[in-house]
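# Working through the structure, step by step
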Amino acid sequence: MDRRDFLTVRKAKKKASPMSKPLITVSPARTSSGINPYTGPWRKNEVIHLLKRAMFGAKKADVDYFASVSMDQAVNELMNPTAPNPVPPVKEYTTSTQPGTPDGNIAQGTTWVNDVNNDGTVQSQRTASYKKWWTGVLLNQDRSIREKLIFLWVDHFGNEANEVGNGNTIYIQHQTIRQNGLGNFKQMVRDMVVDVSMLRYLNGYLNTATAPDENFARELQELFTVGKGSGSHYTEGDVKEAAKVLTGWRINGLNYQPYFTSSRHSSANKTFSSFYNNTVITGRTGATAGDLEINDLMNMIFAQPEVAKYIVRKFYRWFIYYEIDAATEANVIGPLADIFRNNNYEIVPVLTALFKSEHFYDVLNQSCIIKTPADIVIGSMREYNVAMPAASDWNTSYGHWNTLYSFMILTGLNLHDPPNVAGIPAYYQEPLFHELWITSDTLPKRNQFTDILSINGYVRNNFRMKFDFVEYAKTLANPGNPNDLIDEALTYLFRMELSPQVKQQMKTQLLLSGQQYDYYWTNAWHAYIASPTAANFNIVNLRIRELFKYLMSLSEYQLS
Amino acid sequence: MKRREFLGKSAAITLPALISGYAVKALNEDSPLVRALLGGGTDTDHVLVIIQLSGGNDGLNMVIPISTYDLYYGARSNIAIPQNRILTLNGYANTGLHPSMTGLQTMYNEKKLKVIQAVGYPQPNFSHFRATDIWMTASNTDQQVFTGWAGRYLNYEYPNFPTGYPNATTPDPLAIQIGSTASLTTQGPSVNMAMSITSATSFYQLINGTDDPVPQTKAGKELSYVRNVAKQTRQYASAIVDAANRVTNQSPYPTNNSLADQLKIVARLIKGGLKTKVYMVSFGGFDNHSLQTTTTDTTVGTHATLLGRVSEAIKAFQDDLVFLEIEDRVVGMTFSEFGRRIKSNSSVGTDHGAAAPLFVFGKPIDGGVLGDNPTIQPVANVNDNVTMQYDFRSIYSTLLQKWFCVPKETVAGLFPPGINNQLQDLPLIAGDKCNNVIVPNPSGTTLITNYPNPFTNSTEIKFSTDGGHTLLQIMDTAGRLIVNLYEEDVPAATTIIVPFDASHLPNGVYYARLQNGAGQQVRPMLKVR
C-alpha cells in the first residue's frame, strides 16, 4: 500500500468535520476512585459488569460461577485461560477452477494454514475463511479474557486483511497476537516488527538503506508504542532514524517467513532526539544486524514511561470508559502504567490490577460503555446459549459464522479490517469515541439482527440458528412468575435499571396479553413445562419472544 | 416487458376456475385481484379500527336478551340487569344494551352500530392466551398459526414490506398499534406489519420531543445519546409527528378513560393524513370472575364501569370523526377473546365462556342487530355456554372484502386451511364501498416475484440475491414449511428463477420466503384450481 495514500486517508478522516454532538444536558458526575483493590460487595451486578467488559456478553452460567467465588479468584481465572487454543481454520470454500495456482493441495474440511498459495482469488477466499473462523472462535470463547484481548490487540496493530491480501499471513499475525495476548507486550511489538503482514501492510519490505520507507517506523511510535499523548515528544528525525534501523527486511513468498538482507540494511549509526535521551543505535552489518538493532530500538522505546501510559489509556478506553479526565489520569492511568512498567510490560499484572480496582467497580463506571457490534452479535448469541451445529459440520458452522460476521460488518465492524492503520475509530476518534458505533444506519441494523434472530432465525442446511427464549427462560430461577422472569432477565441482560412502570407495562402487554392476573402466565408456563406440546409451547413462546424482542429494542440494551 | 404489464396482459383472460369454491371472473388490469398481485396495495382511503377488550367480556350483560329476559334472569339473578334498566334499541324490541352504554345506544339509533350476536368459533378454547391467539391469527382451535389475520392481509397488499419502506407511495405505517407493543394480529410472515406506540404517554413524548429522564452519570449520558439516535431513526416517527401536528382541534373526549385516550390519537392521525389502514387499540379488565357488579345494585360495579368507558370512548370517537369530517372513512370493531358463561357464579361474577356479541361501528356500516338472542336453558347449568351463531373469521373476511375491497377469492386465501371455504358474507357494510378503488402503484423494493400468479399447478419464482448464502422456502398460511426450494452459496449478485410445483398441494395462499444476508422478504402466491 502506498503510504501517502493511507496516510492521507487517515489524516483526512481525522480532520473530517466532527459530527455534531447532540445537545446533551447531562453533565456526568465524576469519580475520584483509584486503583486500590475493590472491597465492596461481590454480587451478580459486579460479576456481570466484569464479564460484559472482559468478554463478549455475560453468559448466565459464567455469572453464576464467578458469583460463587471471590472477586480475586474471578479476575485471576479470567486472566489465566486454561482452555486449549482453537484448531486452525479449514478450507470450507469451493476450489476455484479459475486461479493460476489452483487450490488443489488441500481437501475441503482440512486446514489451509500450512499450504502456500499466492493466487489472489485463493487468498481472498482464505481471508474470508479466516474471518468466519474467528467469528466462530469468538462465539466459542472460553471463560477468560483471552478472546476480547486478542480482539483488542488485533485492533491495536490495525492491519487491514483485505489490503494485506493474504489469508495465510493474516492468520500468522493472528497467531502471533494470540501467543502474546496475555504475555509480554514488548515481545508482541518485537514480533510485530517483522510480522509478514505488517511488513507488507506498512511497506517494511520496501524499506532499504538506499530508499528508506518511514511508514512502519512512524506507526510503530505514533500508534503502537508511545502514541501521541501529551507526554510523547518523538520527532520527525526519530521517525527517519527508526526507519533506518528497520531497513533490510523482506518477505519470502514461498514460506511466508520474513528474512533479512544485510545488503539492504543501513549500517550507519542512528541518532535519536532528546525524547529518547539522544540514544545512538550503533549501525551494524551482517546477518544479525537487523535483529540486534531492532532489539536496541525496542529497549530505547520501551524505556519511555509514555509507552505504558499510552497502552493503559487504551485499556481504559476499552474496558472502562472513553473519557479520561485529570483525576483519572492521576489516580488510575499513572498508577496502572507504573505496574505495567515495573512488570516489564507483562500484560496480566496491569489488567489484573485494573479489573480488581475500586475504580473499575465504581458505580459511576458501570453501564456506560456502548456495546460494540461484537458485543451485540456474539454477546447475544452467547447470552441466549444459541445452539450451533456440531464442530464436525464445518459447512453449516462456517456458513452460520459468516452470517454473524456479516451482521457485524453491517453494524460497522469488519474483523481484522479496520478503516485504516489507526484501528477502529470508536477507540480513538474524539470526541464521540464509542458513540460512533451508534448511527442512524447502524442502530436500526442492530435491531434488525436481534429481530431476525428472534423470529425466523437464519436457516442453512436445515439448521436454524435462532434465539430460543423459552429455553433461556428455563435457565432462570422462577420463569413461571412473570415479575421474576422480567427481573431476572433484566439482571443478566441489562446494565441499567428500568423503571417499575416500564416493567409493569412489559409484563401486562407482553407476557399477560393485557390480562390482569399474573397467574395466567404462571399457568401457561407450568402447563408447558408439564406437557411441552407444540400448542403449549406456542402459547408461552409467542409471549416470551415479544418480551425479549422488546427488551432488545430498548436503548438501555445498547449499554454495557 | 415490464413485469407489471406482463401480469396485466397475461391475466386478461377468463380463468375457467374456481378459487376455493368461488368462481373467478375475468381478471384484467382493472381487477382488484390483479392490482393486489401487482404489489402496490389496494388504494382505498378506508380505515379499520380494532378495539381489543382483554380479559373475556361478559357479552350477555352487554347485549341483553329482552325477549327471553326471564331465562336470562334465572341464569344469573345475582348479576342480571333489571329489565326496566336495559337500554332499548329503536325498532328492535328483542334485545337491549347495558344501562351504562347510552353512547352506543345513540349510535345504534343513528344506524352507526351493528350488533352481531354470538360470535365465536367451533370448539372454543377457554384459556385467555390461547383464545387471544386464535382471535388474532384466525386459526382453528387445533391449528398452530404464527401470523395475524391483519398481518397476512397487509403482507398481501404490501408484499415487499419492510424492504424499501417507507416510500413515496406508502409513506406511512401500514398499521399502528396504540397502547401496547405490536400484537400478533399484525404479525406478518417475517416481520410485524405494525408500528407500535406503547402508550398514550409515549405518543405525546414523541409529538412533544420529550423523553424519560436519565441519571446524571456517564451511563445516563450514553443512554441519552442512544435514545437521541433512536428517535431520529424511528421509522415513521416524523410521519406521525407531522400528521399529529396537522390536527389541533378535536371534539371532547372523556377523561380517565384510557380507551378514549387511544381513540383520540387514532382520530388525530387519520385526520392528519396518515394512509395507515389498520389501527389497533386495547382496553383491559374484563376478567370479572368475582364482583362483576356490586351486590346491592347490578347496574353498577366493575363491569358497568368498563362498559361505560367503552361506550363513552367510542361515542366520543364517532363524534370526533363527524367533527373532523372523516366519518365516511372509518369503520371500527370490538372483540374479546371469549365471552363468559351463561350462568353466573356465586362470587357475583362469571367464568370463562365461549361466543359473545361483537360490535361493528361507524357511518359506513349497515346498522342493526344480526342474529338472535342466545338460547338459554330454563335451568341453566354451570357449564352452559352461548352457542356460536357467527364465525369471527367471517367478520374479518367480510371487512376485508367489503371495506378493504380485497377480492373474495383473495380473502379466502388469506385464511388458514380448513377455514377458507366456510367464510360467510355478512351484512356489515352498507352499500358498495368498493366502486371507486384506485389502481395502485407498486411500492417498496421487490426481491421476489412469481409468474403466473394466481397459478394452478406450478409457478416460477424469480428472486434477486446479493450473493452469498441464499435460501428460498415455501410456507403455507399456517407457517408450515412446505419445501426448501433453493439453497446455494451464490458467488455474486444475480437473479434466479426456480419453478415451484404445487400440483399436490391444496388451493390457497403460499408464501415464498427469501433469506439472503440480512435481508428477508416474503411473497404471497395464490394457488387456484
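Criteria and cut-off values
- Residues numbered from 1 in each chain as written.
- Chains lettered and ligands numbered in written order.
- Predicted model: local features only at pLDDT ≥ 70, side-chain atom pairs only at ≥ 80, totals over all residues.
- Helix = DSSP H or I, 4+ residues; strand = E, 2+ residues; numbered from the N terminus.
- Buried ≥ 20, exposed ≤ 12 C-beta atoms within 10 Å, placed from the backbone.
- Contact = placed C-beta atoms within 7 Å.
- Rg over C-alpha atoms; globule rule 2.2 N^0.38 Å.
- Domains from an automatic or database assignment.
- Nonpolar A, V, L, I, M, F, W, Y, C, P; charged D, E, K, R; others polar.
- Pairing = 2+ DSSP bridges.
- Axes fitted to C-alpha atoms, helices over the stretch in contact; angles between N-to-C directions.
- Parallel < 35°, antiparallel > 145°, perpendicular 65-115°, else oblique.
- Left-handed = near helix turned anticlockwise from the far one by under 90°.
- Core = buried A, V, L, I, M, F, W, Y, C linked by C-beta atoms within 7 Å.
- Expected span 1.5 Å × (residues − 1).
- pLDDT = per-residue confidence, 0-100.

Assigned secondary structure in chain B consists of 13 helices and 21 strands. Of all 529 residues assigned to chain B, the portion counted as buried reaches 58%. The long-range fraction of contacts in chain B, counting pairs at least 24 apart against all pairs at least 6 apart in sequence, stands at 74%.

The subject of this paragraph is the overall build of chain A. Along the backbone of chain A there are 25 helices and six strands. The C-alpha radius of gyration of chain A comes to 25 Å, within 12% of the 24 Å expected for a compact globule of 560 residues. Taken over the C-alpha atoms alone, chain A extends approximately 85 × 60 × 45 Å along its principal axes. Split into buried and exposed, the 560 residues of chain A put 50% on the buried side. For chain A, restricting intrachain contacts to residue pairs at least 6 apart in sequence, the fraction spanning at least 24 positions comes to 70%.

Buried accessible area, meaning the area lost when the parts come together, often serves as the stated size of an interface. All names here are of chain B. Annotation of chain B at the domain level lists domain 1 (47-413) and domain 2 (447-527). Centre-to-centre, using C-alpha coordinates, domain 1 lies 35 Å away from domain 2. At the junction of the two partners, domain 1 supplies 16 residues and domain 2 supplies 16 residues. Those elements that provide at least two residues to the side of domain 1 that touches domain 2 are helix H6 (149-157) and helix H13 (408-413).

As a further point, take the interface of chain B and chain A. Each side of the interface is counted separately: chain B has 43 residues, and chain A has 54 residues. Broken down by secondary-structure element, the contributors of at least two residues to the side of chain B that touches chain A are strand E3 (47-54), helix H5 (128-137), helix H8 (218-233), strand E10 (278-284) and strand E17 (468-476) of chain B. Per element, the largest residue contribution to the side of chain B that touches chain A is 15 residues, and it comes from H8(B). Looking at the side of chain B that touches chain A residue by residue, the class counts come to eleven nonpolar, 25 polar and seven charged.

Turning to the sheet that holds E17(B), a few remarks are in order. All names here are of chain B. Ordered by their spatial adjacency, four strands build an open sheet running E18-E17-E20-E21, and the pairing between neighbours is antiparallel. The sheet is open, and its two borders are formed by strand E18 (481-490) and strand E21 (519-527), each paired with just one other strand. The sheet shows a mean angle of 15 degrees between the axes of neighbouring strands, direction not considered. The sheet contact formed by E17 and E18 spans eight bridges and is antiparallel. Paired with Gln473 across the bridge in E18 is Asn484.

This part takes up the packing of helix H2 (residues 44-54) of chain A against helix H3 (residues 60-67) of chain A. Residues and elements named next belong to chain A. Where H2 meets H3, the axes come as close as 9 Å, and the angle between the chain directions of the two elements is 125 degrees. By the criterion of interaxial angle, the relationship of H2 to H3 is oblique. Pair H2 / H3 crosses with right-handed handedness. From H2, Lys44, Val47, Ile48 and Leu51 reach across to H3, where they touch Asp62, Val63, Phe66 and Ala67.

On to unusual backbone geometry, then. All names here are of chain B. Residue Phe161 is joined to Pro162 through a cis peptide bond whose omega torsion reads 10 degrees. Even without being glycine, Glu325 reaches a positive phi, approximately 60 degrees. Its place among the elements puts Glu325 in the loop between helix H11 (302-323) and strand E11 (330-335). A residue is classified by how many C-beta atoms lie within 10 Å of it, and Glu325, with 9 of them, is exposed.

For the rest of this paragraph, the subject is the nonpolar core. With 299 residues, the main nonpolar core has Val312(A), Leu336(A), Val266(B) and Ile395(B) as its most contacted residues. If we skip the residues at most four places from it in the chain, Ile395(B) touches Ile116(B), Val119(B), Met333(B), Leu358(B), Tyr390(B) and Leu426(B).

Glancing now at helix H14 (residues 305-319) of chain A. Given 3.6 residues per turn, any residue in an α-helix points the same way as the ones three and four places further on. Residues and elements named next belong to chain A. For H14, with 15 residues, the first-to-last C-alpha span of 21 Å sits near the 21 Å given by 1.5 Å per residue. Taking burial as the measure, the 15 residues of H14 include twelve buried ones, the bulk of the element. Buried within H14 are the following residues: Glu306, Val307, Ala308, Lys309, Tyr310, Ile311, Val312, Arg313, Phe315, Tyr316, Trp318 and Phe319. Looking at the buried side of H14, the elements it contacts are H2, helix H6 (146-157), helix H9 (185-193), helix H13 (289-302), helix H15 (326-342) and helix H16 (347-356).

To continue, consider the packing of H15(A) against H16(A). When two helices pack together, you describe them by how their axes are tilted relative to each other and by the distance separating the axes. Residues and elements named next belong to chain A. Two elements in contact, H15 and H16, have axes whose closest approach is 8 Å; the angle formed by their N-to-C orientations is 155 degrees. What the angle tells us is that H15 and H16 run roughly antiparallel. For the element pair H15 and H16, the recorded crossing hand is right-handed. In this structure, H15 uses Leu336, Ile339 and Phe340 to contact H16, whose residues at the interface are Pro349, Val350, Ala353 and Leu354. When the residues that make up the contact of H15 with H16 are grouped by side-chain class, the tally is seven nonpolar, no polar and no charged.

Looking now at the pairing of strand E16 (residues 458-465) of chain B. All names here are of chain B. Burial of E16 is one-sided: the residues Thr459, Ile461, Phe463 and Thr465 facing one way are buried, the residues Ser458, Glu460, Lys462 and Ser464 facing the other way are not. Looking at chain direction, strand E15 (residues 448-451) and E16 are connected through four bridges and run antiparallel. Bridged to Thr449 within E16 is Lys462. Here E15 folds back onto E16 in antiparallel fashion, the turn holding six residues.

The next thing to look at is helix H18 (residues 373-383) of chain A. Residues and elements named next belong to chain A. Among the eleven residues that make up H18, eleven are buried, leaving the element largely enclosed by the rest of the structure. Of the positions making up H18, those classed as buried are Pro373, Ala374, Asp375, Ile376, Val377, Ile378, Gly379, Ser380, Met381, Arg382 and Glu383. Structurally, H18 contributes buried residues whose contacts are with helix H5 (120-139), H6, helix H19 (394-410), helix H20 (442-454) and helix H22 (482-493).

Residues and elements named next belong to chain B. Read across the sheet, three strands follow the order E15-E16-E19 without closing on themselves; strand pairing throughout is antiparallel. Each edge of the open sheet is held by one strand with a lone partner, namely E15 and strand E19 (494-501). Averaged over all pairs of adjacent strands, the angle between their axes in this sheet comes to 25 degrees, without regard to strand direction.

We now examine the environment of Leu351(A). Residue and element names in this part refer to chain A. By the element assignment, Leu351 lies in helix H16. Here Leu351 falls in the buried class, since 23 other C-beta atoms lie within 10 Å of it. Separated by 58 residues in the primary sequence, Leu351 and Ile409 place their C-alpha atoms 29 Å from one another. Not counting residues up to four positions away in its chain, the partners in contact with Leu351 are Met79 and Phe315.

All names here are of chain B. In this model, chain B carries a mean pLDDT of 87, and residues with pLDDT of at least 70 account for 90%. Overall, residues 1-40 carries pLDDT values under 50, and its contacts beyond four positions in sequence, including any with other chains, amount to 77 contacts. Interface scoring of the predicted complex returns ipTM 0.90; its pTM is 0.86.

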